[in-house]
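Reading the structure
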There are 2 protein chains.
Amino acid sequence: MAPGPRSRAGDPAELARRVLAGDRRAVARAISLVENRDPRAPELMALVFPHTGRAAHIGLTGPPGAGKSSLISALCRHLRALGLTVGVLSVDPTSPFTQGALLGDRIRLSEHYLDPGVYIRSMGTRGHLGGVAEATLLAGVIVDASGRDVLLYETVGVGQSEVEVAALADTVALVLMPGSGDSIQALKAGVMEIPDVIVVNKADHSAIERTRAELAQVLSLADPERRPVVIETVATAPSGIDELWAAVEAHQRALAEAGDLAERRKAQLRSELLALASARTARRLGTMLDKSPDLAGLVDALAERRIDPLTAVQRLLEHA
Amino acid sequence: MAPGPRSRAGDPAELARRVLAGDRRAVARAISLVENRDPRAPELMALVFPHTGRAAHIGLTGPPGAGKSSLISALCRHLRALGLTVGVLSVDPTSPFTQGALLGDRIRLSEHYLDPGVYIRSMGTRGHLGGVAEATLLAGVIVDASGRDVLLYETVGVGQSEVEVAALADTVALVLMPGSGDSIQALKAGVMEIPDVIVVNKADHSAIERTRAELAQVLSLADPERRPVVIETVATAPSGIDELWAAVEAHQRALAEAGDLAERRKAQLRSELLALASARTARRLGTMLDKSPDLAGLVDALAERRIDPLTAVQRLLEHA
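Numbers given for residues are sequential positions, taken from 1 along each chain in its written order. Written order determines the labels here, with chains lettered from A and ligands numbered from 1. Given that the model is predicted, a residue must reach a pLDDT of at least 70 before its local features are reported, and side-chain atom pairs must reach 80 or more before they are shown or counted; all residues, however, enter totals for whole chains, interfaces and linings.

**Details of the overall build of chain A**
What counts as a helix is a DSSP run of H or I of at least four residues, what counts as a strand is a run of E of at least two, and both are numbered from the N terminus. Within chain A, the regular secondary structure consists of 14 helices and 7 strands. Within the span of chain A, comprising 320 residues, buried residues form 50% of the whole. Note on contacts: each residue gets a C-beta atom placed from the backbone, and two residues are in contact if those atoms are within 7 Å. Taking as baseline every contact in chain A between residues at least 6 positions apart, the subset at least 24 positions apart corresponds to 77%. Counts of 20 or more other C-beta atoms within 10 Å of a residue's own C-beta define buried residues, counts of 12 or fewer define exposed ones, and intermediate counts define partly exposed ones; C-beta atoms are placed from the backbone.

The structure is reproduced here in structure tokens:
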């Protein structure tokens, strides 16, 4: 019996074919499959992965409020004007207060939703244990396979999330704003790794002078070989976007010329492999701890000091 | 043959006895054993763990530069004046620039090094995959078992590290300073969880008014039930330290009265158990990937697109 349109849409081979043809709806569907850990995801990944590695992977990270979404919107416009296609993977933090900020982000990006040359996807941060990192990583593979020229990863955070985005991106841009005192302190203290490019957005703000001075002071301490360029932008104007893209391209060229790109990507693949495997194991351990009758009472025993943490770990791992 | 003093010092039972007696040198040695994953660590943990659970576990987190070390030094003085003994576990970030900040921290805490009522330990951030979190957690057990009344965990970070410290502490204090714009944005966006207490240190700085206003605005959005008190301090004066400690005690009392402390600690023990087990598994996976002849070439195969990530993960996990 010939499969109907419904079952064909669920067929990994057909879905992979459409992803590789650049079909945005297929890309969306494929990402949902990997996000939901659908049993068809492995076959899909096996089919699309050989067609990846061509896109430029750019990470944008920084504190909330720095205007990353507006900057990405302006970058999309710039890249489209250059004739390049774009994929945006945006990691949304879940807010205990309000989804207002996210709604605002969607509005800022809305002009691109009708452009087939731009694919935008928000990755939810539901779930723990590296769930987002895992889904984002696999979503990046799918968007890359769909033939986008440039893939922008947006993550929010100060100090740590850039580590995650660095594992995905060839070039990491840290987006600050005047008043980003904590981020500059984090760079200074070495808590935050020096990114490839620093963007100070909202550069028309009166506090820009102070931020300039603080950044110059921090960067004067950095290894001159690895000292990032600082680009000032006003995403909403827009201004400085062409300089930003030129800086990203210069970094990509420098990587390629130094022969570092292949090494960097290989190191990233190793980290990604370990991250995926660890996330999967952590998830399995959590499920086991909650479900296995042999482990029922293990946390109670810990709480009552009848078993110590290292022995408890051993018992848990013996069941893994 | 009777064991000599050297072998007795290395004997877990003897070491545990001395830890439980509050011997600071034994505590230091015991922490080194767990940090180095010494084969004697499990026996030691099994012996000391039943004697834990009495100390108050307080976390202090916040951006670098906010003056956490000065604040901890002032807190130590305050707690000692109240007749309480203190343990401080400080997680040091590794700086690519200079160890200057850390050296400064040590100087700020130096007045307490000769006081037997204060035990201070810096936990290095060498190693990845939860190595510090793991060592800090086990060090906390040892310091708790040594009979300290109050255990202060210090972590540096903006936005994420407070999650780790929340897994260890009954009460989490976020330490900000005037100019901590990014941290306040992170609270507002929900990227950073609302702590139990907010401290604005360096409150004699001229920018305090603006920080006050920003915080008030952010906290007006928070659930009134969970709205933290804001304490202003000048650690170097010192001023506000008694108010800070009163706020911490009030939070601890509220937890105890609501009957939440036991639940919170049980949930923490569950997270700790999973964190330890996951860290151990991640480490084993990394070693396997590098050492196992069966897995040699797996990363190369990924880089050359001969195998896809999910299949590679499966192969790695089959060897675990």
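Further notes follow.
**Some details on the packing of helix 14 (residues 309-318) of chain A against helix 12 (residues 260-291) of chain B**
Two packed helices can be described by the angle between their axes and the distance between those axes. At a closest axis distance of 9 Å, the pairing of helix 14 of chain A and helix 12 of chain B adopts a crossing angle of 65°. Crossing of helix 14 of chain A against helix 12 of chain B: the hand is right-handed. In contact with Pro309(A), Ala312(A), Val313(A), Leu316(A) and Leu317(A) of helix 14 of chain A, helix 12 of chain B contributes Glu272(B), Leu273(B), Leu276(B), Ala277(B) and Arg280(B). Among the residues forming the contact of helix 14 of chain A with helix 12 of chain B, the class breakdown is 8 nonpolar, no polar and 2 charged. Here an angle of 0 to 180 degrees is reported between the N-to-C directions of two axes, which are lines fitted to C-alpha atoms, with helices fitted over the stretch in contact. By definition, turning the near helix anticlockwise from the far helix through less than a right angle yields a left-handed crossing, and turning it clockwise yields a right-handed one. Classes in brief: Ala, Val, Leu, Ile, Met, Phe, Trp, Tyr, Cys and Pro nonpolar; Asp, Glu, Lys and Arg charged; the others, Gly included, polar.

**Remarks on the sheet that holds strand 2 (residues 86-91) of chain A**
Either a parallel or an antiparallel arrangement is found when strands of a sheet pair, and the pairing is made through backbone hydrogen bonds. Residues and elements named next belong to chain A. The pairing criterion for strands is at least two bridges between them, as found by DSSP. Strand order across the open sheet formed by 7 strands is 3-2-4-1-5-6-7, with parallel pairing between neighbours. Lying at the two open borders of the sheet, with one neighbouring strand each, are strand 3 (118-123) and strand 7 (229-232). Along the sheet, successive strands turn relative to each other by an average axial angle of 20°, direction set aside. Two strands pair when backbone bridges link them, and strand 5 (residues 171-176) and strand 6 (residues 197-200) are joined in this way by 4 bridges, in the parallel orientation. Across the sheet, residue Leu174 finds its bridge partner in strand 6, namely Ile198. Running over the sheet, helix 5 (residues 68-81) touches strand 1 (56-62), strand 2, strand 3, strand 4 (150-156), strand 5 and strand 6 and is turned about 175° from strand 4.

**Quick word on the interface of chain A and chain B**
Between chain A and chain B, the residue contacts involve 64 residues of the former and 64 residues of the latter. At the level of secondary structure, the elements contributing two or more residues to the side of chain A that touches chain B comprise helix 4 (41-48), helix 7 (131-145), helix 9 (181-189), helix 12 (260-291), helix 13 (298-303) and helix 14 of chain A. No other element matches the 16 residues that helix 12 of chain A contributes to the side of chain A that touches chain B. Partitioned by chemical class, the residues of the side of chain A that touches chain B number 37 nonpolar, 19 polar and 8 charged.

**As for helix 5 (residues 68-81) of chain B**
All names here are of chain B. A helix's residues, less one, multiplied by 1.5 Å, set its expected span. Under the 1.5 Å per step criterion, the end-to-end length of helix 5 is 20 Å for 14 residues, consistent within 8% with the ideal 20 Å. Of all 14 residues that make up helix 5, 10 are buried, and the element is covered over most of its length. Residues of helix 5 that are buried include every one of Lys68, Ser69, Ser70, Leu71, Ile72, Ser73, Ala74, Leu75, Cys76 and Leu79, and no others. At the C-terminal side of helix 5, Gly83 shows a positive phi close to 85°.

**Considering the packing of helix 5 of chain A against helix 11 (residues 241-257) of chain A**
All names here are of chain A. Axis separation between helix 5 and helix 11 bottoms out at 10 Å; the angle between their running directions is 75°. Relative to helix 11, the element helix 5 lies roughly perpendicular. Here helix 5 contributes Ala74, Leu75 and His78 to the contact with helix 11, which in turn contributes Ile241, Asp242 and Trp245. The residue makeup of the contact of helix 5 with helix 11, split by class, is 4 nonpolar, 1 polar and 1 charged. Small angles under 35 degrees read as roughly parallel and large ones over 145 as roughly antiparallel, with 65 to 115 read as roughly perpendicular and the rest as oblique.

**Comments concerning the nonpolar core**
Counting residues in each nonpolar core, the largest one holds 184 residues, and the members touching the most others are Ile142(A), Val199(A), Ile142(B) and Val199(B). Beyond its immediate sequence surroundings of up to four residues, Ile142(A) is in contact with Val19(A), Val27(A), Ala30(A), Ile31(A), Val34(A) and Val48(A). The term nonpolar core means buried Ala, Val, Leu, Ile, Met, Phe, Trp, Tyr and Cys residues held together as one set by C-beta atoms within 7 Å.

**Digging into the relation of the copies chain A and chain B**
The two copies are related by a screw operation: chain A maps onto chain B through 180° of rotation and 0.0 Å of translation along the axis, at an RMSD of 0.0 Å. In short, the pair behaves as if placed about a two-fold rotation axis. Most of the interface of chain A is mirrored in chain B, where 100% of its interface residues again form contacts. Fitting of the copies onto one another was done by least squares over C-alpha atoms, counting residues only where both copies have pLDDT of at least 70.

**Topic: the environment of Leu44(B)**
Residues and elements named next belong to chain B. Tracing the sequence through the fold places Leu44 in helix 4 (residues 41-48). A count of 26 C-beta atoms within 10 Å places Leu44 in the buried class. If we skip the residues at most four places from it in the chain, Leu44 touches Pro12, Leu15, Ala16, Ala30 and Leu33.

**Things to note about the environment of Val156(B)**
Residue placement: Val156(B) occurs in strand 4 (residues 150-156). Judged by the 28 C-beta atoms lying within 10 Å of it, Val156(B) is buried.

**Quick word on unusual backbone geometry**
All names here are of chain A. Residue Ala237 is joined to Pro238 through a cis peptide bond whose omega torsion reads -10°. Tracing the backbone shows Pro238 in the loop between strand 7 and helix 11. A positive phi angle is found at Lys202, which is not glycine, with a value near 55°. Within the fold, Lys202 resides in the loop between strand 6 and helix 10 (208-220). You can call Lys202 buried: it has 24 C-beta atoms within 10 Å. Although it is not a glycine, Arg305 adopts a positive phi angle of roughly 60°. Mapped onto the elements of the fold, Arg305 is located in the loop between helix 13 and helix 14. The class for Arg305 is exposed, based on 12 C-beta atoms found within 10 Å.

**Topic: the domain arrangement of chain A**
Residue and element names in this part refer to chain A. According to the domain assignment, chain A consists of domain 1 (1-51), domain 2 (52-258) and domain 3 (269-318). In this assembly, 14 residues from domain 1 lie in contact with 13 residues from domain 2. Listed by contribution, the elements that provide at least two residues to the side of domain 1 that touches domain 2 are helix 2 (12-20), helix 3 (24-35) and helix 4. Broken down by element, the side of domain 1 that touches domain 2 gets its largest block of residues, 7 residues, from helix 3. Across the side of domain 1 that touches domain 2, the residue classes break down as 10 nonpolar, 2 polar and 2 charged. Domain borders in the structure are assigned automatically or taken from a domain database.

**Some remarks on the sheet that holds strand 4 of chain B**
All names here are of chain B. Strand order in the open sheet formed by 7 strands is 3-2-4-1-5-6-7, and the pairing between neighbours is parallel. Sheet topology places strand 3 (118-123) and strand 7 (229-232) at the edges, where each strand pairs with a single neighbour. Across the sheet, the axes of successive neighbouring strands diverge by a mean angle of 20°, strand direction being ignored.

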